Amino acid sequence: MRVEDFNFELPLELIAQHPLEERDQSRLLVVDKNTGDLEHRKFHNILDYLKKGDVMVLNDTRVIPARLLGMKEETEGKIEFLLLNRKNLDTYECLAKPGKRARVGAKFTFGEGLLKAEVIEVLDNGNRIVQFHYDGVFEEILDRLGEMPLPPYIKEKLEDKERYQTVYSKSEGSAAAPTAGLHFTEKLLMEIRELGVEIAFLTLHVGLGTFRPVKVESVENHDMHSEFYSLDAHNAEIINNAKRKGNRVISVGTTSTRTLETIADEDGFVKEDSGYTKIFIYPGYQFKCIDCLITNFHLPESTLIMLVSALAGKENIMNAYETAVKEKYRFFSFGDSMFIKE
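For clarity, every value in this text was computed on a predicted model and none was experimentally measured.

Tallying each qualifying case throughout the model produces 22 aromatic pairs. Ring geometry for tyrosine 168 versus phenylalanine 201: centroids 5.9 Å apart, planes at 55°, classification tilted. Taken as a pair, tyrosine 168 in the loop between helix H1 (138-145) and strand S11 (171-174) and phenylalanine 201 in strand S12 (residues 198-204) lie far apart in primary sequence, 33 residues in all. When its relative accessible area of 11% is taken as the criterion, tyrosine 168 is described as buried. What makes phenylalanine 201 partly exposed here is its relative accessible area of 23%. Ring centres of tyrosine 321 and phenylalanine 331 lie 6.0 Å apart, and the angle between their planes is 70°; on these two criteria the pair is classed as edge-to-face. Linking tyrosine 321 in helix H6 (residues 314-326) with phenylalanine 331 in the loop between H6 and strand S17 (337-341), this pair joins segments that are ten residues apart in sequence.

Here it is, written out as structure tokens:
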């Protein structure tokens, strides 16, 4: 299967640069995964497609202000660290720019010495293992000094940091938002519960690998990035109870999907679990747990458009994307939404 088969023409003006004023007023393209039929709605109309007994699975990860701007102690040369994965209390795997300034032993300072750092290892992929030194609580210092790491295709400044968080975000650790969840409001979640839909939560900390381009020609040769996930026993039982009754599991986002499909057994049941997943879902994959998916519109030739193609069929998805471009839907993180139903 060729990566170029998942390409499509996207005018730059359709890449959303800022969130809408009201989260649930984004557009919703409803795709029937069996027939490919399309409907054009607003996101709050998702209520029309839900029914009592469904379980909706949300990723409660929270984006940390993971971009740190500082200087090298010896030369005062500028440095940028992007925190990717926490290794232990004071140590992170980071992306460093420029890398030539961040050799093993190099020391850096941020916020006039409020935070200091030393590179202790350079990994094969070029990332750095960095140990931080500070007084107090690291998260509080990061909140003061760090910037929100918006995706590279967003060029405009975000005025309200909370608009790059879901309203139910709780577990800190992501370098990017699980953007399918950005359309929900507290009111909409309450209305969903009132329909008799159960809501379950899991955590997958989104890494920047989600934006990494696929550089191989053949899909099967792509090496998927690794991300940390966790699902507790209480939420696993909510999902399993729906499965036992033959009710639908509706995943909110590709991150929730990858977590559920990593944990699920062959019958689609899940259990309490945590770890790192490198699951790569592309056409031909047989889904075990999820039935429907709420997702945003993804980059051409990305692993995410391959995942949604696996669920709804490549022809159906490429037709849906072509229609979305024609109808001027907004794309990517702050863009519009798609519901893949059965």
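Let us look at the packing of helix H5 (residues 303-312) against H6. Where H5 meets H6, the closest approach of the two axes is 7 Å, and the angle between their N-to-C directions is 120°. With respect to each other, H5 and H6 are oriented oblique. From H5, Ile305, Val308, Ser309 and Ala312 reach across to H6, where they touch Lys314, Asn316, Ile317, Met318 and Tyr321. The residue makeup of the contact of H5 with H6, split by class, is six nonpolar, two polar and one charged.

Strands sit in the order S2-S1-S17-S16-S14-S3-S12-S13-S15 across an open sheet of nine strands; the sheet is mixed. Edge positions in the open sheet fall to strand S2 (38-42) and strand S15 (273-277), since each of these has one partner strand only. Strand-to-strand twist in this sheet, taken as the mean axis angle between neighbours without regard to direction, amounts to 20°. Taken together, the five bridges between strand S3 (residues 55-59) and S12 define a ladder with parallel strand orientation. When the bridges of S12 are listed, valine 57 appears paired with alanine 200. Helix H3 (residues 233-244) contacts S3, S12, strand S13 (227-231) and strand S14 (249-252) of the sheet and is inclined by roughly 130° relative to S12.

Turning our attention to the nonpolar core. Counting 67 residues, the largest nonpolar core has Tyr164, Ile239, Leu260, Val270, Phe331 and Met338 as its most contacted members. Ranked by the residues each element gives to this core, the list is headed by H5, at seven residues. Excluding residues that lie within four positions of it along the chain, isoleucine 239 makes contacts with Val55, Val57, Ala200, Leu231, Val249, Leu260, Val270 and Cys289. Counting 23 residues, the second largest nonpolar core, distinct from the first, contains Ala66, Tyr92, Cys94 and Leu115.

It is worth spelling out the state of the cysteines at this point. If you walk through the whole model with that rule in mind, you get zero disulfides. As a non-bridged cysteine, cysteine 292 has cysteine 289 as the owner of its nearest cysteine sulfur, 12 Å distant.

Bridge count for strand S1 (residues 27-32) against S2 is five bridges, and the pairing is antiparallel. If you follow valine 30 over to S2, its bridge partner there is glutamate 39. Hairpin connection, S1 to S2: the antiparallel pair is bridged by five residues, and glycine 36 has positive phi, about 80°.

The subject of this paragraph is the environment of leucine 188. When you line up the elements, leucine 188 lands in helix H2 (residues 186-194). What makes leucine 188 buried here is its relative accessible area of 1%. With 143 residues separating them in the primary sequence, leucine 188 and asparagine 45 have C-alpha atoms 9.8 Å apart.

For the rest of this paragraph, the subject is the sheet that holds strand S6 (residues 78-88). Spatially, six strands are ordered S5-S6-S7-S10-S9-S8 in a closed barrel, and the strand pairing comes out antiparallel. Going across the sheet, the axis of each strand differs from the next one's by a mean of 45°, ignoring polarity. With four bridges connecting them, strand S8 (residues 107-110) and strand S9 (residues 115-122) associate as antiparallel partners. Opposite phenylalanine 108, over in S9, you have alanine 117 as the bridge partner. Along the sheet, H1 contacts strand S5 (67-72), S6, strand S7 (91-97), S8, S9 and strand S10 (128-134); its crossing angle with S6, the most-contacted strand, is approximately 150°.

So, on to unusual backbone geometry. The omega angle of the peptide bond from lysine 97 to proline 98 is -10°, so this bond is cis rather than trans. Positionally, proline 98 belongs in the loop between S7 and S8. Even without glycine at this site, glutamate 301 takes up a positive phi of about 60°. Position of glutamate 301 among the secondary structure elements: in the loop between strand S16 (292-296) and H5. For glutamate 301, a relative accessible area of 25% gives the class partly exposed. A positive phi angle, near 60°, is found at lysine 328, a position not held by glycine. By the secondary structure assignment, lysine 328 is in the loop between H6 and S17. Residue classification places lysine 328 among the exposed positions, given a relative accessible area of 58%.

Parameters at a glance
- Residues numbered from 1 in each chain as written.
- Predicted model: local features only at pLDDT ≥ 70, side-chain atom pairs only at ≥ 80, totals over all residues.
- Heavy atoms only, no water.
- Phe/Tyr/Trp six-rings, centres within 6.5 Å; stacked < 30°, edge-to-face > 60°.
- Helix = DSSP H or I, 4+ residues; strand = E, 2+ residues; numbered from the N terminus.
- Buried < 20%, exposed > 50% of the residue type's maximum accessible area, 1.4 Å probe, protein only.
- Axes fitted to C-alpha atoms, helices over the stretch in contact; angles between N-to-C directions.
- Parallel < 35°, antiparallel > 145°, perpendicular 65-115°, else oblique.
- Contact = heavy atoms within 4.5 Å.
- Nonpolar A, V, L, I, M, F, W, Y, C, P; charged D, E, K, R; others polar.
- Pairing = 2+ DSSP bridges.
- Core = buried A, V, L, I, M, F, W, Y, C linked by side-chain atoms within 4.5 Å.
- Disulfide = S-S within 2.5 Å.

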